[in-house]
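This is what each chain is made of:
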Amino acid sequence: MAVLSINGYDSYSGCDIVVTASLPKSLADDASDDIYFTLGSLQTLSISTHQDKRPVRSLGVINAKDYVMGPRTIAGSMVFAVFNKHFATEIMEDLGATETEVILPDEIPALDITVNFANEYGRMSRMAIYGVKLINEGQVMSINDLYTENTYQFVALGLEPLSAEVDGNSQ
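Values in this document were obtained by computation on a predicted structure and should not be read as measured data.

Novice: What is the right way to read the overall build of the protein from this model?
Specialist: A tally of helices and strands in the protein yields one helix and eight strands. Helices (α) and strands (β) of the protein occur, in sequence order from the N terminus, as β-β-β-β-α-β-β-β-β. The buried share of the protein, reckoned over its 171 residues, is 29%. Within the protein, contacts between residues separated by at least 24 positions form 59% of all contacts whose residues are at least 6 apart in sequence. When the accessible surface of the protein is totalled, it reaches about 11700 Å², and 53% of it is carbon and sulfur.

Novice: Even after reading the chapter, I still don't get the environment of Ser 13, so can you show me in this structure?
Specialist: Turning to its location among the elements, Ser 13 is positioned in the segment before β1 (17-23). The exposure class assigned to Ser 13 is partly exposed, which follows from its relative accessible area of 37%.

Novice: It is not clear to me how a negative patch on the surface should be interpreted in this structure. Could you clarify?
Specialist: On the surface, Glu 101, Asp 106, Glu 107 and Glu 137 cluster together to form a negatively charged patch. Summarising the element assignment, Asp 106 is placed in the loop between α1 (89-94) and β5 (111-118).

Novice: Please explain the side chain of Asn 150 as it appears in this structure.
Specialist: The topology assignment puts Asn 150 in strand β7 (residues 149-156). A polar side-chain atom of Asn 150 sits 2.5 Å from a polar atom in the side chain of Gln 139. Ignoring any residue separated from it by four or fewer positions in sequence, one finds Asn 150 in contact with Met 78, Val 79, Phe 80, Val 82, His 86, Glu 137, Gly 138 and Gln 139.

Novice: Looking at this structure, I do not really get the environment of Ala 110. What am I missing?
Specialist: Considering the arrangement of structural elements, one finds Ala 110 in the loop between α1 and β5. Distance from Ala 110 to Leu 157, taken between C-alpha atoms, is 9.2 Å for residues 47 residues apart in sequence. Apart from the residues lying within four places of it in its own chain, the contact partners of Ala 110 are Pro 24, Gly 131, Val 132 and Lys 133.

Novice: I would appreciate a short explanation of the pairing of strand β6 (residues 124-140) in the present structure.
Specialist: For a regular strand, the rule is simple: side chains alternate between the two faces of the sheet. Inspection of the sheet shows β5 paired to β6 by seven bridges, in the antiparallel sense. Of the residues in β6, the one forming a bridge with Ala 118 is Met 124. Counted between consecutive antiparallel strands, the loop separating β5 from β6 contains five residues, among which Gly 122 sits at a positive phi close to 85°. Of the strand pairs in this sheet, β6 and strand β8 (residues 158-164) are connected by five bridges, and their pairing is antiparallel. Counted as the bridge partner of Ile 129 is Leu 159 from β8. Summarising the sheet, β6 and β7 pair through seven bridges and their orientation is antiparallel. Within β7, the position partnered with Glu 137 by the bridge is Tyr 152.

Novice: Any chance you could explain the packing of aromatic side chains here in plain terms?
Specialist: In this description, a pair of aromatic rings is defined by centroid distance and the angle of the planes. Under the defined criterion, the tally for this structure stands at four aromatic pairs. Relative to Phe 117, the ring of Tyr 12 has its centre 5.2 Å away and its plane inclined at 50°; by these criteria the two rings are tilted. With a gap of 105 residues between them, Tyr 12 in the segment before β1 and Phe 117 in strand β5 connect regions that are remote in the sequence. When its relative accessible area of 11% is taken as the criterion, Phe 117 is described as buried. With 3.9 Å between their ring centres and 15° between their planes, Phe 80 and Phe 87 make a pair best called stacked. Here Phe 80 falls in the buried class, since its relative accessible area comes to 1%. The structure contains a cluster of three or more aromatic residues connected by ring pairs, namely Phe 80, Phe 87 and Tyr 152.

Each value, and the rule that gives it
Residues numbered from 1 in each chain as written. Predicted model: local features only at pLDDT ≥ 70, side-chain atom pairs only at ≥ 80, totals over all residues. Heavy atoms only, no water. Helix = DSSP H or I, 4+ residues; strand = E, 2+ residues; numbered from the N terminus. Buried < 20%, exposed > 50% of the residue type's maximum accessible area, 1.4 Å probe, protein only. Contact = heavy atoms within 4.5 Å. Areas by Shrake-Rupley, 256 points an atom, 1.4 Å probe, with all protein chains shown as cover. Patch = residues over 30% accessible without salt bridge, like charges linked within 9 Å, V, L, I, M, F, W, Y side chains within 5 Å. Salt bridge = Lys/Arg side-chain N within 4 Å of Asp/Glu carboxyl O. Lys, Arg positive; Asp, Glu negative; His and termini not counted. Charge placed at Lys NZ, Arg CZ, Asp CG, Glu CD. Polar contact = N/O pair within 3.5 Å; in protein donor to acceptor, adjacent residues only side chain to side chain. Pairing = 2+ DSSP bridges. Phe/Tyr/Trp six-rings, centres within 6.5 Å; stacked < 30°, edge-to-face > 60°.

Given below as C-alpha cells:
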C-alpha cells in the first residue's frame, strides 16, 4: 500500500489549535514558575503588524530616492465565546481578585500567548505573541445571535512567527 507524504505543505484548521497564556511568576501569588492558562473559549485570534515607512526626497526630483523604516506596532484582536464565566476569571483570581475587589481585563499585566498547532497527520507548529496587553473590550448580547461573544483588541511587544516543530513527523 502506498503512503502519501507531501513534506512542507502542512495545514491546520481552527480545530487543530490550542492557545495558552502565561502570567509571569513575579505577578502571581506564591508562584515559583510562570503560571499557564488554556484559553479554551478563544474562537478567533488575529494579528497584524505595521511599520511606518517614510520617503527620502531630494530637491528637484519628483520620485522618492528610497524609504526609511520607522517604528513597528504589533496589534490584533481576540474573540471569545461566553459561557458561564469570563475567560480570564482564573487569571484575575491569581492576581488577587475577590468578590469585593474586581480586576478588569485591561488591568491584567502583559501576557505571553503561545499558539500550538497539531493536525491529524501528526504535524505540529507553534507561534508566540509576547507582551500582550488588552486595550479594548466589547460584548454584544442579542436575540439575533445564538451565543454571546467577548471581543478584545490588544497590543504586543513581540511576535514569533509560525514555525514547524522539528520532530520525527514534522518537516
